[in-house]
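# Coordinates in review
What follows is the residue order along each chain.
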Amino acid sequence: MKKITFSAFVAFWASAVTVALLHVLAPQPDSTPRDNDELPGYTLEDVAEHDTLDSCWMAIEGKVYDFTDYIPDHPTPARIMEVWCGREATEGMRTKGIGRDHSPAAWAMMRPYRIGELVEE
């Protein structure tokens, strides 16, 4: 019985140390805002033209993103993102459809897909 207890103790602490090291050593997303970038302006009408998985643009919090290349990497089925293609999708990011906001890491991951600013029509 002592051997089993000791083995469980060692396994627990080895796992805890591994998780802690992964957290410390994993690269953190760059969250520097791109507000100084000169990006084109798009209207919701422009965004609406890209409403399929083959061309999926979304407007989120006043910025326009082209998520076409990201869809295969998204952890949910493509149909989840397809609902928001061609639309103002802040609600989708803020609620995930179930009332929970996406993580800060998910928000930071959007940066490379930003193609412009949302402007009035």
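As shown above, the structure is provided for reference.
Residues numbered from 1 in each chain as written. Predicted model: local features only at pLDDT ≥ 70, side-chain atom pairs only at ≥ 80, totals over all residues. Heavy atoms only, no water.

## Structural notes on the pattern of salt bridges
Keep this limit in mind: One speaks of a salt bridge when a side-chain nitrogen belonging to Lys or Arg is within 4 Å of a carboxyl oxygen belonging to Asp or Glu. Strands are runs of DSSP state E lasting at least two residues, helices are runs of H or I lasting at least four, and both sets are numbered from the N terminus onward. Exposure categories follow from relative accessible area, calculated using a 1.4 Å probe and restricted to protein chains: below 20% of the type maximum is buried, above 50% is exposed, and the middle band is partly exposed.
In the structure shown here, the tally under the stated rule is 3 salt bridges. Between Arg-94 and Glu-61 there is a salt bridge whose closest N-O contact spans 2.7 Å. One end of the pair, Arg-94, is in helix α4 (residues 90-95); the other, Glu-61, is in the loop between β3 (55-60) and β4 (63-66), and 33 residues separate them in sequence. Owing to a relative accessible area of 37%, Arg-94 belongs among the partly exposed residues under this scheme. A single network of salt bridges, built from pairs that share partners, joins Glu-61, Arg-94 and Asp-101.

## Things to note about the layout of surface pockets
Take a probe with the size of a water molecule and roll it over the atoms, and the empty space left behind shows itself. Cut-off, in case you're wondering: Using protein atoms alone on a 1 Å grid, points that fit a 1.4 Å probe yet trap it form a cavity, whereas open point sets bounded by protein on both sides within 12 Å along at least five of seven lines form a pocket; residues with an atom within 4 Å of a point count as lining. Grid points are joined across faces, edges and corners, and a volume is the space filled by probe spheres set on the points. The classification used treats Ala, Val, Leu, Ile, Met, Phe, Trp, Tyr, Cys and Pro as nonpolar, Asp, Glu, Lys and Arg as charged, and all other residues, Gly among them, as polar.
Within this model, the largest pocket holds a volume of roughly 460 Å³. Every element with two or more residues in the lining of the largest pocket is listed here: β3, α3 (78-82), α4 and α5 (104-109). Residue composition of the lining of the largest pocket, grouped by class: 15 nonpolar, 5 polar and 1 charged.

## What to know about a negative patch on the surface
Filter applied, for reference: Residues enter patches when they are more than 30% accessible in relative terms and free of salt bridges; like-charged ones are connected within 9 Å and nonpolar ones (Val, Leu, Ile, Met, Phe, Trp, Tyr) within 5 Å. Working definition of accessibility: Shrake-Rupley area with a 1.4 Å probe, residue cover restricted to the visible protein chains. His is not counted, nor are the chain ends; Lys and Arg add positive charge and Asp and Glu add negative charge. Throughout, a charge is located at the NZ atom of Lys, the CZ atom of Arg, the CG atom of Asp or the CD atom of Glu.
A contiguous patch of negative charge on the surface is contributed by Glu-45, Glu-49, Glu-120 and Glu-121. Take Glu-49: it is sitting in the loop between α2 (44-48) and β2 (51-52). Overall, the relative accessible area of 58% leaves Glu-49 in the exposed class.

## Description of the nonpolar core
This is how the line gets drawn: We define the nonpolar core as a collection of buried residues of types Ala, Val, Leu, Ile, Met, Phe, Trp, Tyr and Cys that are connected through side-chain atoms lying within 4.5 Å of one another. Whether two residues are in contact is decided by their heavy atoms: any pair within 4.5 Å suffices.
Judged by nonpolar contacts, the single largest core of 14 residues is most densely connected at Met-58, Ile-60, Phe-67, Met-81 and Met-110. No other element matches β3, which puts 3 residues into this core. Contacts of Ile-60, omitting those with residues within four sequence positions, involve Tyr-65, Phe-67, Glu-88, Ala-89, Thr-90, Met-93, Trp-107 and Met-110.

## Description of the packing of aromatic side chains
When we look at a pair of aromatic rings, we describe it by the centre distance and by the angle of the planes. Applied cut-off: Two rings from Phe, Tyr or Trp (for Trp, the six-membered ring) form a pair when their centres sit within 6.5 Å of each other. Planes less than 30 degrees apart are called stacked, planes more than 60 degrees apart edge-to-face, and all others tilted.
Under the defined criterion, the tally for this structure stands at 6 aromatic pairs. Aromatic pair Phe-67 and Tyr-113: ring centres 5.7 Å apart, planes at 50°, arrangement tilted. With Phe-67 in the loop between β4 and α3 and Tyr-113 in the loop between α5 and β6 (114-118), the pair connects residues that are 46 residues apart, well separated along the chain. Between the aromatic rings of Tyr-70 and Tyr-113, the centroid separation amounts to 5.5 Å while the plane-to-plane angle is 55°, which identifies the pairing as tilted. In this pair, Tyr-70 is assigned in the loop between β4 and α3 and Tyr-113 in the loop between α5 and β6, connecting sequence segments 43 residues apart. The buried category is assigned to Tyr-70, whose relative accessible area is 13%. Taken together, the ring pairs in this structure connect Tyr-65, Phe-67, Tyr-70 and Tyr-113 into an aromatic cluster.

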